[in-house]
Amino acid sequence: MYKNKSSNGSNNICGKKIKELRLQLPEKTSQRKFADMLQIHGLDLDKNAIQRIESGARFVTDIELKIIAQVLHVSCDTLLDVDISYFQ
């Protein structure tokens, strides 16, 4: 049967990696500043949406994932690279 949530109840598999990479950006990048960076690239997300993505409470569309990866200067694969145990 298809699962749309992980065993820990998360709605996405990229949130933790997004947070990790956001915190590694050269300047201190808050969720609000990150949302502003995404908006410059055409993705209209606010600070609350970023918080929900990073905590796993919000699904992430493929379009959102692509723009987030561009802003973080990584590939989509990098954001989706998780240990298989995440799904068990």
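All residue numbers here refer to positions counted from 1 along the written sequence of the relevant chain. For a predicted model such as this one, the threshold for reporting local features is a pLDDT of at least 70, and the threshold for listing and counting side-chain atom pairs is 80 or more; totals across whole chains, interfaces and linings nevertheless cover every residue. Water and hydrogen atoms play no part in the side-chain values, which are based on all heavy atoms of the structure.

**Student:** Explain the nonpolar core to me, please; I cannot follow it from the model alone.
**Tutor:** Ile18, Phe34, Leu38, Leu45, Ile68, Leu72 and Leu79 are the most contacted members of the largest nonpolar core, which has 19 residues in total. Only DSSP runs of H or I reaching four residues or more are called helices, and only runs of E reaching two or more are called strands; each is numbered from the N terminus. Counting residues per element, the ones that place at least two in this core are α1 (15-23), α2 (31-40), α3 (47-55) and α4 (62-72). In terms of residues, this core owes the most to one element, α4, which gives six residues. Whether two residues are in contact is decided by their heavy atoms, any of which lying within 4.5 Å being enough. With sequence-adjacent residues up to four places away left out, Phe34 is seen in contact with Ile18, Arg22, Thr29, Ile50, Ile68, Val71 and Leu72. Grouping buried Ala, Val, Leu, Ile, Met, Phe, Trp, Tyr and Cys residues that are joined through side-chain atoms within 4.5 Å yields what is termed a nonpolar core. A simple rule labels every residue: compare its accessible area, found with a 1.4 Å probe on the protein chains alone, to the largest value its type can have, and call it buried under 20%, exposed over 50%, or partly exposed in between.

**Student:** Mind showing me how you'd approach α2 here?
**Tutor:** Since one α-helical turn is 3.6 residues long, residues separated by three or four positions face the same way. All buried positions along α2 are accounted for by Gln31, Phe34, Ala35 and Leu38. Around the axis of α2, the buried residues are gathered within 100 degrees of arc, so they sit on the same side. For α2, the exposed residues lying more than 90 degrees away from the buried face are Arg32 and Ile40. In this fold, the buried residues of α2 make contact with α1, α3 and α4. Positioned one or two residues after α2, Gly42 has a phi angle of 95 degrees, which is positive. Each direction from the helix axis to a C-beta atom contributes to the arc, which is the arc of those directions.

By themselves, these figures tell us nothing about what the structure is for.
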